[in-house]
Amino acid sequence: MTLKELVKIERLKKYFPVQSGVLSRVTNHVKAVDGVDMTISEGETVGLVGESGCGKTTLGKTIIKLLEPTEGSIYFRSDDITGLSPSRMRPYREKMQIVFQDPYGSLNPRMKVESIVSEGLAIHNISTPGERKGIVRELLRTVGLREDALPRYPHEFSGGQRQRIAIARALALNPEFIVCDEPISALDVSVQAQIINLFMELQEKFRLTYLFISHDLRVVRHISDRVAVMYLGKVVELAPSGELYKNPLHPYTRVLISSVPVADPDRQKKMTVLKGDVPSPIDPPAGCSFHPRCPIAVEKCSSVEPELRDAGGGHLVSCHLA
Amino acid sequence: MESALEIKDLTVSFSSEGRKVEVVSGLSLSVPRGKIVGVVGESGCGKTVTALSVMRLIPEPPGRIEGGEIIFDGADILRSSDRDMRALRGNRISMIFQEPISSLNPVFTVGDQVGESLRTHLNITKKEEKERVIALLKLVGIPAPESRMKNYPHELSGGMSQRVMIAMALACSPEVLIADEPTTALDVTIQAGILELIDDLRVRLGMSVLLITHDLGIIAEVADAVYVMYAGKVVEHAVTRDLFKNPKHPYTVGLLNSIPDLRGLKEKLDAIPGVVPSPGSFPPGCRFQDRCPLAIDKCRNEEPPFSEHAAGHYSACWRADEVTLQV
């Protein structure tokens, strides 16, 4: 694999204002993404895991600028795209696509499959209307749907087939980078595997780069080259996926991995149970934000925030005790 | 072993637009006393309808229980009067529903909702009720129960709401607990806690649990025995270890092989081709035949019987003896 950088983010932050009172004054901020650095190389899949509310989706949307970042920088092929106006952002939009979690909510029910998949081509003025039908046909074949899908509406398809349509739409503009936001969570188990395989085939075929967001650690382990673990708006550990699962350094990662049920009745039962809920991202705990739930926290953890540092071999972790 | 709950030959249908569709066909299962029995299957396989039938909560119409028996404490639930059923439901048999957020009533406090079944089923004073509610919330691991009981559902996180649901289900110390995807809407860290809680309560209260899930990992962690459902029917049944080590139905094998491995041992996932059929469009013969790698002509024409292939290991497949984990 080449190590050419495709996407790079530096100290990226996304805060959402919280308004209260009769005057709707901004009284606080939800710190959904709170200073994330990450580099994604060409052809690589970076998995992003964490509990609900940790900021995974917000990070994914901010990277491709579906949300305006509050602070920090985003680079695409070393071009700074952070402050670009919508019109100057356009050429980059072709290159960065997203597949959403819910294939029921993310496809317009009033549009035919043909229009859904070709909409991007029309918006970006690619090819003539006459050629588009051919392109869409080819795309549908690529994602494993039959041509007779063209004149049909989303409701006529199952969840897995809808997700294939959403993938065809994302592929239409020949992107280089795709954010996959929980793309299989809404699907049946037997269908999930089909879609995972499809993502992997497409990556090989079109040299795609993925940011693969999921709460399912098994899926992320399977599909990713490197995995980032998020907790309360921050990346707390990032490592090659084999390394992360074999040798997790952050106590939060250890808990996450040990709480995944394993389909092997002979395994020693050792699900670890984490105390408490994820704290509010409006007012995250001081020091290390994981310290109130951490089984090994010491005094330092409640006052000094650990830096994300390299523990050797590109295994990044932010923990005083790792 | 003595059964706490036994379903015999249950058939349930739903009608829509004048067409009657069988959703559960001739289902039999039994939950031994003090055990956790898992039911696995995908959407539309009839697992939730089975659970609702036990609770007698199938809306009629459009639903209709066409036949079968559900034996609890020596009597057939399906033939008991509505009044008898009300005395049973939430008291001796109770259920945890899948979506905690939408299953709680948004206009009542947590304390009101947990206390409701106590008020309904037991003759207790207001003060006793409050004490019981606090004890229940503590039991399911909710911190500061005295103040939490005054909260409304929107003030709780998903994990907390699910704990409240469990507290409601456990309020009257049921003999049988039906848990329908109790952790599907939750994070893995919370899921581990809820599963541990259910198992702990089973041991302490001697409950019998029917655990419905689509996740074979959960089954492997907590269930004693498993029923695999596909398209309204049970296709395989065995004790948990047998089912995982020596599956005898190609659908079970397909499910096992389509789960990615946390240790990273699988290169490519062996997906089951095709889609889960919806009720009313089940193929003839074996209902799995159009997705099955082992299907032969016989499978397309004749429905395989559900028969015993090894001690206590049942499967509905014509080629059950040829099924191995590496199909």
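Located above this text is the structure these notes cover.
Residues numbered from 1 in each chain as written. Chains lettered and ligands numbered in written order. Predicted model: local features only at pLDDT ≥ 70, side-chain atom pairs only at ≥ 80, totals over all residues. Heavy atoms only, no water.

Q: I'm lost on the interface of chain A and chain B in this one. Help?
A: Think of interface size as the accessible area that goes away when the parts come together; that is how it is often given. Counting residues at the interface gives 38 residues for chain A and 44 residues for chain B. Together, the buried faces of chain A and chain B total about 3500 Å²; carbon and sulfur atoms form 59% of this surface. In terms of surface lost to chain B, no three residues of chain A exceed Val189, Ser190 and Arg218 of chain A, which account for 16% of the buried area on that side. Our enumeration of links across chain A and chain B arrives at 4 salt bridges. Residues Asp266 of chain A and Lys245 of chain B are paired through a salt bridge, measuring 3.5 Å at the closest nitrogen-oxygen approach. Where chain A touches chain B, the interface holds 12 residue pairs in polar contact (both at pLDDT 80 or more). Broken down by secondary-structure element, the contributors of at least two residues to the side of chain A that touches chain B are helix 6 (189–206), helix 7 (217–223) and helix 9 (251–258) of chain A. Looking at the side of chain A that touches chain B, the element that brings in the most residues is helix 6 of chain A, giving 9 residues. Split by residue class, the side of chain A that touches chain B holds 19 nonpolar, 8 polar and 11 charged. (Contact = heavy atoms within 4.5 Å. Buried area = accessible area lost by both parts, 1.4 Å probe. Salt bridge = Lys/Arg side-chain N within 4 Å of Asp/Glu carboxyl O. Polar contact = N/O pair within 3.5 Å; in protein donor to acceptor, adjacent residues only side chain to side chain. Helix = DSSP H or I, 4+ residues; strand = E, 2+ residues; numbered from the N terminus. Nonpolar A, V, L, I, M, F, W, Y, C, P; charged D, E, K, R; others polar.)

Q: How should I be thinking about the sheet that holds strand 5 (residues 75–76) of chain B in this particular structure?
A: Two strands in a sheet stick together by hydrogen bonds in their backbones, pointing the same way (parallel) or opposite ways (antiparallel). Residue and element names in this part refer to chain B. In spatial order, the strands read 2-1-4-5; together these 4 strands make up an open sheet with antiparallel pairing. Only two strands of the sheet have a single neighbouring strand rather than two, namely strand 2 (19–32) and strand 5. Alignment of strand 1 (residues 3–16) against strand 2, held across 10 bridges, turns out to be antiparallel. Paired with Ser13 across the bridge in strand 2 is Glu22. Packed onto the sheet, helix 1 (residues 47–54) meets strand 1, strand 2 and strand 4 (63–72) and runs at close to 115 degrees relative to strand 1. (Pairing = 2+ DSSP bridges. Axes fitted to C-alpha atoms, helices over the stretch in contact; angles between N-to-C directions.)

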